Every structure is written in structure tokens, then in C-alpha cells.
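Residue-level listing of the chains:
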Amino acid sequence: MSEDTHRKGKTIDEIVEGDSLTVNESLSDRDVLLYLGMTNDNNPLYIQHQYAKETGYEGPVVPPVLLTGIITSSISKLLPGPGSEVVNLSVNFMLPVYHDENVTLNFEVIKVDTMKEVVTLSITGTKNEDERIVDAIVMVKPPKKRLNSIKGVNIEEVNA
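Before going into details, it helps to say that this report is about the structure given with it. (Residues numbered from 1 in each chain as written. Predicted model: local features only at pLDDT ≥ 70, side-chain atom pairs only at ≥ 80, totals over all residues. Heavy atoms only, no water.)

**Notes on the overall build of the protein chain**
- When helices and strands are tallied, the protein chain shows four helices and seven strands.
- A burial count over the protein chain gives 34% of its 160 residues as buried.
- Put simply, 67% of the contacts in the protein chain that link residues at least 6 apart link residues at least 24 apart.
- Accessible area of the protein chain: about 10,100 Å², with a carbon and sulfur share of 49%. (Helix = DSSP H or I, 4+ residues; strand = E, 2+ residues; numbered from the N terminus. Buried < 20%, exposed > 50% of the residue type's maximum accessible area, 1.4 Å probe, protein only. Contact = heavy atoms within 4.5 Å. Areas by Shrake-Rupley, 256 points an atom, 1.4 Å probe, with all protein chains shown as cover.)

Here it is in C-alpha cells:
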């Protein structure tokens, strides 16, 4: 039997309060255009420089859902990792993020509920090192442990 090449994230037993992760991202015009094309979202605030300036912004802003996507993607890829399922998400956006601005997202596990098999992450996002752009609380079901047996039969023995 071939070995499973899919990486698994941390299970609930491998996560502790205080586990953390920092992610740095920058969203380009191309990233925003891909989002607009996929969602058919034609908000001129997201891509038209003149419109954005006429409405009081420095330039086109990154759609908030793209920032949310970075958060959920980081959870799926890194903490807890592959196999994770977001079950609740609450996000507050404080400041706009402009195209090509560097964003830092700090993730921290603030609760591990083994009874419900859910971990709660607190996420804070900043730009320009100290300007708060986003606060989020995300509840995540980490991946389950791999099954090594079915009905008491060791899978490895059967495949040997």
C-alpha cells in the first residue's frame, strides 16, 4: 500500500494554549483582480484609483474578504494545519488595507476545548508595524487522529 503523502495538521491533543503563528502578506493588484473576477464583485473602491480618492481613501482598498481568506488559509495550512475545519469566525476590520501594503497577522491559541474538540484562535492584524487593521476570533476543529485499525484489526498487519 502506498504511503499517504497528504500532510496532517496538529490534532487537538497536540495543541496547547499559547501556541502562536505570525504571517506576513501583501496583496497585489493581480490578487484583487482575481478575487473580483471570481466573485463578480465590481465595487469600484477595490480597483479604481480615482473613485477611491474621491471617496476619501488613499487609493483602492483590499476587499475585507481577501484578508479573511488569508486568515482561513493560514489556519488550513499552518495552525492547526491540513484537515482543520473553521466552525465559527468573527472579524472586525478597523482600517482599510491598500494594495501592496504589508500586513502582519498574529495568531494565538487562546482556548483548547477537548470536550467539543475545538480550539479558539485570536488573530490580530497590523500594517506599518503598529496600525491595527483587523481583530478576529476563530473556532476551529483540528484534524482528527489517523485511524490505524478498523474493528480491532491493525491496518498495517493486513497490508504487510
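**A word on helix H3 (residues 64-77)**
- The end-to-end C-alpha distance of H3, which contains 14 residues, comes to 20 Å, matching closely the 20 Å that a straight helix rising 1.5 Å per residue would cover.
- Every buried residue of H3 is accounted for by Leu-66, Leu-67, Thr-68, Ile-70, Ile-71, Ser-74 and Ile-75.
- Where H3 is buried, its residues meet strand E1 (20-26), helix H1 (29-39), strand E2 (85-93), strand E3 (102-113), strand E4 (118-127) and strand E5 (131-141). (Expected span 1.5 Å × (residues − 1).)

**Details of the sheet that holds E1**
- As summarised here, the arrangement of the five strands in space is E1-E3-E4-E5-E2, forming an open sheet in which the pairing is antiparallel. Across the chains shown, the open sheet's two edge strands, defined by having one partner strand only, are E1 and E2. Here the average twist between neighbouring strands, direction ignored, is 20°.
- Each of E1, E2, E3, E4 and E5 is contacted by H3, which is oriented at about 140° to E2, the strand it contacts most. (Pairing = 2+ DSSP bridges. Axes fitted to C-alpha atoms, helices over the stretch in contact; angles between N-to-C directions.)

**Quick notes on a negative patch on the surface**
- Taken together, Glu-58, Glu-129, Asp-130 and Glu-131 make up a surface patch of like negative charges.
- Inspection of the secondary structure assignment puts Glu-58 in the loop between helix H2 (49-54) and H3.
- Among the residues examined, Glu-58 registers a relative accessible area of 62% and is labelled exposed. (Patch = residues over 30% accessible without salt bridge, like charges linked within 9 Å, V, L, I, M, F, W, Y side chains within 5 Å. Salt bridge = Lys/Arg side-chain N within 4 Å of Asp/Glu carboxyl O. Lys, Arg positive; Asp, Glu negative; His and termini not counted. Charge placed at Lys NZ, Arg CZ, Asp CG, Glu CD.)

**Considerations on the nonpolar core**
- Core analysis: the biggest nonpolar cluster contains 33 residues, and Ile-71, Ile-75, Leu-105, Phe-107, Leu-121 and Ile-123 have the highest contact counts within it.
- Not counting residues up to four positions away in its chain, the partners in contact with Ile-123 are Ile-71, Leu-105, Asn-106, Phe-107, Val-134, Asp-135, Ala-136 and Val-138. (Core = buried A, V, L, I, M, F, W, Y, C linked by side-chain atoms within 4.5 Å.)

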